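# Architecture and fold: a report
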Amino acid sequence: MAEIVLQGVTKSFGKTEVIHRTDVTIGDGEFVVMVGPSGCGKSTILRMIAGLETTTDGEIRIGGRRVNEVEPKDRNIAMVFQNYALYPHMSVYDNMAYGLKIRKFTKDDIDKRVQRAAGILELGPYLRRKPRELSGGQRQRVAMGRAIVREPAAFLFDEPLSNLDAKLRVQMRLEIQKLHRELATTSVYVTHDQVEAMTLANRMLVINAGTVEQIGAPLEVYDDPASLFVAGFIGSPSMNFMPGRRAGDGVDVGEGLVVPLPPALRATAGEQVTVGVRPEHFVPGTGGEGPRFRLRVDTVEALGADSLLHAGFNGTLLVVRIEGHATPLAGSSLEASILPGKAYFFDTVTGKRLAG
Amino acid sequence: MVEHRPVRDFVAHLILIVGVIAVAFPLWVTFVASTRTFEEIVSVPMPLTVGSHLQDNYEQVLTAGSERGSKAPVGRMLVNSLIMALSIALGKIFISILSAFAIVYFRFPLRNFFFWMIFVTLMLPIEVRIIPTFKVASDLGLLDSYAGLILPAIASATATFLFRQFFLTIPDELAEAARIDGAGPMRFFFDVVLPLSKTHIAALFVILFIYGWNQYLWPLLITAQESMYTVVIGIKRMIAGGDASNEWQLIMATAMLALLPPAAVVMLMQKWFVKGLVETEK
């Protein structure tokens, strides 16, 4: 159990800085998810915490101890890799026991810990098998078992579910959640899948191009995105963006629609403002309170519980989520309005959310 | 292929049978000759059935050697050959697996340069550098010694290259997982890399053992005493002059004996050998 602190951490490969100054404190027992598109540097940060990459500048502390110069094995962390990284020639039991053997645990102690981990992960019947005789999900569980037996200060997960199929991913996600509830070990989890991030995280770090764009609880980030990037990345289908121009106390986004700016933002809004609306924040029909506009329905995706309309507006396609089956036909036209107070306003130039 | 086409099957089998005969017939003649007397072999036509002197001939070559050619006993030569072939095979594997490990897993200055240096020596087999190598070996006093037979052949660029290519296919995460598990480089080597290389080592062992066993030119140069002859050289030394002066029955018996160890290695290691060539266990 330990707190992980990153203070002014940067990472450069040659002259290119890939991770810009990062300050994060990951609390004891917290489950933090680093999420971002591939190549954004999230894995690099994780690998710096693990000690597999050197830190160019700044300080990393685990449990109050500076670890920049400490070997991975002495950082008291355990890591779960995307491709499992199980030793192919060792049985499941030996895979889990290997780290303990090196650390000179007694045979009894090793056995006790491995059996306990196998119990938690329901790997009991497979202990004598080789990794290649296991399914993807089982292999991933062995990889987690290898981490658990060490009883480390922190778990580091590097996209652990990316190699699994969709159904298994959901199941393993729930298991990781359960595991964290039981063990309450500090965990850092890297993923590009925002659903994993939303469901697993106590707090999440949204990372873009080597910069932490926002840190917060999942719903906080969802409800209150700090930038265009975060707003577009978190949420599926992603937020609709309508670039517009300031027009009096509103933003003109074309086709005669002027979205009113909240009074608090009127002073700070610049000339170019992008309006963001989540798919579920449109009100179809004429019942809404906000200004109405007309959409041309292009395609309809009926998902059962709800339907997604892809509808043309001012040269772009907006995604509108409608509950239930009652959907307009493709090619028809639809009147809609924006749920009051649910439009987000961003500075088009800086990409930052407008704040009052 | 589940189709049934009698004519094609017949032709295919005919070609295969002719091929087998072409390969097997000389072997059979060798074996037959090793079981007969000198007079029977030189008579025309030479008989093609097993004769009655099998035990005599083999006993003589193993313990006493040929009377007219080299007089060294073949038993001793077989031991020499075995020592040389085993040392070359194991030495090559030992050295090349370590150098490949260094090249793949350690970052050191001029790493690529050294790899390419090793790679370039692929183009320089013993035959090409034989005169300078002989000079070096003789200056070091290695003539007529096992060290002299083995050392010049013990470094292998081919094996280093093969191991390097194999190591590159081992996922980096495995090394990283081992680092986090607390394994140092040599521990990682012995606990993970070596077991994973098992089949490759076996395949290479077969190839290199045969390579070592069949060494001809180098042992011919570096050995002068009969006690240091390898069996391949022994055969050569038994052939002293014209047809009539050679004890062909003994030469053929020696040839059969020289054939056995490599054949045994191939047969015993076949399972591993094939595995090493086709399977990648990852």
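Here the structure is a predicted model, which means the values were calculated and not measured.

### Section: the overall build of chain B
What chain B contains, in helices and strands, is 13 helices and zero strands. Against the compact-globule benchmark of 19 Å for 282 residues, chain B has a radius of gyration of 24 Å, which places it well outside the compact range. Taken along its principal axes, the extent of the C-alpha atoms in chain B is 75 × 65 × 30 Å. For chain B, with 282 residues in total, the buried portion stands at 34%. Taking the intrachain contacts of chain B between residues at least 6 apart in sequence as the baseline, contacts between residues at least 24 apart amount to 74%.

### Some thoughts on the overall build of chain A
Secondary structure assignment for chain A yields eight helices and 20 strands. When each of the 356 residues of chain A is scored for burial, the buried share is 40%. A separation of at least 24 residues holds for 65% of the contacts in chain A among residues at least 6 apart in sequence.

### A word on the sheet that holds strand β5 (residues 65-66) of chain A
All names here are of chain A. Strand order across the open sheet formed by four strands is β2-β1-β4-β5, with antiparallel pairing between neighbours. In the strand order of this sheet, the two ends are held by β2 (16-26) and β5, each with one partner. For strand β4 (residues 57-62) and β5, the ladder comprises two bridges, and the chain directions are antiparallel. Each residue of the ladder has a partner; that of Arg61, found in β5, is Arg66.

### Some thoughts on the sheet that holds strand β15 (residues 282-284) of chain A
Residues and elements named next belong to chain A. The strand order across the open sheet formed by five strands is β15-β19-β16-β17-β18, and the pairing between neighbours is antiparallel. What marks the edges here is a single partner per strand, and that holds for β15 and β18 (316-323). Averaged over all adjacent pairs, the angle separating strand axes in this sheet is 45 degrees, with direction ignored. The pairing of β15 with strand β19 (residues 333-338) spans three bridges and is antiparallel. Bridge pairing links Phe282 to Ile338 in β19.

### Some remarks on the interface of chain A and chain B
Listed per partner, the contact involves 16 residues of chain A and 16 residues of chain B. Only β6 (77-80) and α2 (92-102) of chain A provide two or more residues apiece to the side of chain A that touches chain B. Looking at the side of chain A that touches chain B, the element that brings in the most residues is α2 of chain A, giving three residues. For the side of chain A that touches chain B, a count of residues per class yields 11 nonpolar, three polar and two charged.

### Regarding helix α12 (residues 231-238) of chain B
Of all eight residues in α12 of chain B, six are buried, a share of seventy percent or more. Three or more residues of α12 of chain B are buried, namely Val231, Val232, Ile233, Gly234, Ile235 and Met238 of chain B.

### Observations regarding the packing of helix α4 (residues 74-105) of chain B against α12 of chain B
In a packed pair of helices, the relevant descriptors are the angle between the two axes and the axis-to-axis distance. All names here are of chain B. Contact geometry of α4 with α12 gives a least axis separation of 8 Å together with a crossing angle of 140 degrees. The angle between α4 and α12 places the two elements in the oblique class. Along the contact surface, α4 presents Val74, Met77, Leu78 and Ser81, while α12 presents Val231, Val232 and Gly234. Classifying every residue of the contact of α4 with α12 by side-chain character gives five nonpolar, two polar and no charged.

### Here we look at unusual backbone geometry
All names here are of chain A. In this structure, the amide linkage connecting Ser236 to the following residue, Pro237, adopts the cis form with an omega of -5 degrees. Mapped onto the fold, Pro237 is located in the loop between α8 (228-233) and β11 (240-247). The phi dihedral of Glu159 falls on the positive side, at around 45 degrees, and the residue is not glycine. As for its position among the elements, Glu159 is in the loop between β7 (154-158) and α5 (166-183). Take Glu159: there are 20 C-beta atoms within 10 Å of it, and that puts it in the buried class.

### A closer look at the nonpolar core
Membership of the largest hydrophobic core comes to 136 residues, with the highest contact counts inside it found for Val32, Met34, Leu156 and Val188 of chain A. Considering each element in turn, this core owes the most residues, 10 residues, to helix α10 (residues 185-213) of chain B. With sequence-adjacent residues up to four places away left out, Met34 of chain A is seen in contact with Lys42, Ile45, Leu46, Val188, Val190, Leu205 and Ile207 of chain A. Within the second largest apolar cluster, 23 residues are counted, among which are Tyr229, Val232, Ile233 and Ala258 of chain B.

### Section: the environment of Glu280 of chain A
In this fold, Glu280 of chain A is placed in the loop between β14 (272-277) and β15. Residues Glu280 of chain A and Arg321 of chain A, spaced 41 residues apart in sequence, show a C-alpha to C-alpha distance of 4.9 Å.

### Observations regarding the confidence of the model for chain B
Atomic detail in the predicted coordinates should be set aside for any region of low pLDDT. Across chain B, pLDDT averages 86, with 94% of residues at or above 70. As a predicted assembly, this complex carries a pTM of 0.81 together with an ipTM value of 0.82.

Cut-off values and rules
Residues numbered from 1 in each chain as written. Chains lettered and ligands numbered in written order. Predicted model: local features only at pLDDT ≥ 70, side-chain atom pairs only at ≥ 80, totals over all residues. Helix = DSSP H or I, 4+ residues; strand = E, 2+ residues; numbered from the N terminus. Rg over C-alpha atoms; globule rule 2.2 N^0.38 Å. Buried ≥ 20, exposed ≤ 12 C-beta atoms within 10 Å, placed from the backbone. Contact = placed C-beta atoms within 7 Å. Pairing = 2+ DSSP bridges. Axes fitted to C-alpha atoms, helices over the stretch in contact; angles between N-to-C directions. Nonpolar A, V, L, I, M, F, W, Y, C, P; charged D, E, K, R; others polar. Parallel < 35°, antiparallel > 145°, perpendicular 65-115°, else oblique. Core = buried A, V, L, I, M, F, W, Y, C linked by C-beta atoms within 7 Å. pLDDT = per-residue confidence, 0-100.

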